[in-house]
Amino acid sequence: MLCAAVVHVVRANVVDVAVFGGTGVLMLVLLRRDLATRGAPAGLASRWTGAGAALLVGGTVALQPRDSALVQVVLAAVGVVALLVLLRAGSGAPTLESEPLARTWVWVTILLAGCVVELVSFLAQPDAWTDNPDHPTLSALVDPMLGDHPARALVAAAWVLAGWRLLRLLADRGPGPGGAP
Amino acid sequence: MSSRSATIAVYAVLLGGLLLATAVARRRPDLLAGVPDVVRSAARTRAGQLVLLLVWWWLGWHFLLAA
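What counts and how
- Residues numbered from 1 in each chain as written.
- Chains lettered and ligands numbered in written order.
- Predicted model: local features only at pLDDT ≥ 70, side-chain atom pairs only at ≥ 80, totals over all residues.
- Heavy atoms only, no water.
- Helix = DSSP H or I, 4+ residues; strand = E, 2+ residues; numbered from the N terminus.
- Buried < 20%, exposed > 50% of the residue type's maximum accessible area, 1.4 Å probe, protein only.
- Expected span 1.5 Å × (residues − 1).
- Axes fitted to C-alpha atoms, helices over the stretch in contact; angles between N-to-C directions.
- Parallel < 35°, antiparallel > 145°, perpendicular 65-115°, else oblique.
- Left-handed = near helix turned anticlockwise from the far one by under 90°.
- Contact = heavy atoms within 4.5 Å.
- Nonpolar A, V, L, I, M, F, W, Y, C, P; charged D, E, K, R; others polar.
- Polar contact = N/O pair within 3.5 Å; in protein donor to acceptor, adjacent residues only side chain to side chain.
- pLDDT = per-residue confidence, 0-100.
- Salt bridge = Lys/Arg side-chain N within 4 Å of Asp/Glu carboxyl O.
- Core = buried A, V, L, I, M, F, W, Y, C linked by side-chain atoms within 4.5 Å.

Secondary structure summary: chain A contains seven helices and zero strands in total. Listing every helix and strand of chain A by position from the N terminus yields α-α-α-α-α-α-α. Each principal axis of the C-alpha atoms in chain A carries an extent, and together these give about 55 × 40 × 30 Å. Here chain A holds 181 residues, and the buried ones make up 34% of them.

This is the structure:
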């Protein structure tokens, strides 16, 4: 979190600094005082919830320019709603059916390697806002592919569906009134 | 091979690794944990839950908006 926040300070991106800094503060608050365990709201499990949200966000992204205020508001609203659902779930954690730590090293290795490559490419830029064509970041490679409205709408819908699945997992507190042990 | 091609090749290898890991986890869950198990494992603390949510949201915000 600290490393990511430092990168965003270097990038001088006010929104990213605020979001990452705010998340860090929220972590400290939740460490001291969390809400009672409630789990996910009933509607979150419905496929219609994910499909409706994906349609709404994908449609907005498809119909609006990429830098429009409406797109910013919709994407921000998606994050706020997701955060509220996670906070509402309260203390506790999703139920672990088995201890998978020994079977996760491949995922951790790939994701860490990706972070290192991205960081090296970022550090190879002449400054924080100018891409280096010899060492492109993932953003520099993906950005041109998202120039078309249909491609961007598809990515937006997939992003929302992935977030819906993620939120269902994160807000799961297992069976019983107190959630998972 | 130019530096650009090498960098793109590394990204492609990592993406291929993710796809391969997904396929292996589906066929041999005893060998490699699936994505839901990895998420549950990382979400054992409230800080972990917040980080996962933040990473997902920020990726959408970063890529879907104009730079």
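A rise of 1.5 Å per residue sets the reference length of helix 1 (residues 3-27) of chain B, with its 25 residues, at 36 Å; its end C-alpha atoms lie 36 Å apart and thus fit the reference within 8%. For helix 1 of chain B, the full list of buried residues reads B:Thr7, B:Tyr11, B:Leu14, B:Gly17, B:Ala21 and B:Ala25.

What follows deals with the packing of helix 4 (residues 69-89) of chain A against helix 7 (residues 149-170) of chain A. Residue and element names in this part refer to chain A. Contact geometry for helix 4 and helix 7: axes closest at 10 Å, N-to-C directions at 10 degrees. It follows from the interaxial angle that helix 4 and helix 7 lie roughly parallel. Here helix 4 runs over helix 7; the crossing is right-handed. Contacts between helix 4 and helix 7 pair Leu 75, Val 78, Ala 82, Val 85 and Leu 86 from the former with Trp 159, Leu 167 and Leu 170 from the latter. When the residues that make up the contact of helix 4 with helix 7 are grouped by side-chain class, the tally is eight nonpolar, no polar and no charged.

Further remarks concern the side chain of A:Gln125. Residues and elements named next belong to chain A. By the secondary structure assignment, Gln 125 is in the loop between helix 5 (105-123) and helix 6 (138-142). At 3.4 Å, the side chain of Gln 125 forms a polar contact with the backbone oxygen of Ala 128. Not counting residues up to four positions away in its chain, the partners in contact with Gln 125 are Thr 130, Asp 131, Asn 132 and Thr 137.

Time to look at the packing of helix 3 (residues 47-63) of chain A against helix 7 of chain A. Residue and element names in this part refer to chain A. Look at helix 3 against helix 7: their axes get within 8 Å of each other, and the N-to-C directions meet at 150 degrees. By the angle between their axes, helix 3 is roughly antiparallel relative to helix 7. As helix 3 runs across helix 7, the sense of the crossing is right-handed. Every residue of helix 7 that contacts helix 3 at Arg 47, Thr 49, Gly 50, Ala 51, Ala 53, Ala 54, Val 57, Gly 58, Val 61, Ala 62 and Leu 63 is listed here: His 149, Arg 152, Ala 153, Ala 156, Ala 157, Trp 159, Val 160, Leu 161 and Trp 164. Across the contact of helix 3 with helix 7, the residue classes tally to 14 nonpolar, four polar and two charged.

On to the confidence of the model for chain B, then. Residue and element names in this part refer to chain B. Put simply, chain B has an average pLDDT of 93, and 99% of its residues get 70 or more. The lowest-confidence element of chain B is helix 2 (residues 35-42), averaging 92 in pLDDT; the highest-confidence one is helix 3 (residues 46-64), averaging 96. What the predictor reports for the complex is a pTM of 0.91 with an ipTM of 0.91.

Quick look at the pattern of salt bridges now. Summed over the entire model, instances satisfying the criterion amount to five salt bridges over all chains. The partner of A:Asp16 in a salt bridge is A:Arg11, with the nearest N and O atoms 2.8 Å apart. You'll find A:Asp16 and A:Arg11 in the same group, each marked buried. The salt bridge involving A:Asp34 is made with B:Arg46; its shortest N-O contact spans 2.7 Å. Remark: B:Arg46 occurs in helix 3 and A:Asp34 occurs in the loop between helix 2 (14-32) and helix 3; the pair is interchain, linking two chains.

Let's shift gears to the nonpolar core. Ranked by size, the top nonpolar core spans 37 residues in total, and within it A:Val57, A:Leu75, A:Trp159, A:Leu167, A:Leu170, B:Leu53 and B:Trp56 carry the most contacts. Broken down by secondary-structure element, the contributors of at least two residues to this core are helix 2, helix 3, helix 4 and helix 7 of chain A together with helix 3 of chain B. Setting aside residues up to four positions removed in sequence, A:Leu167 forms contacts with A:Leu44, A:Ala82, A:Val85, A:Leu86 and B:Leu53. Listed in part, the five residues of the second largest apolar core include A:Ile110, A:Val117, A:Leu141 and B:Leu14.

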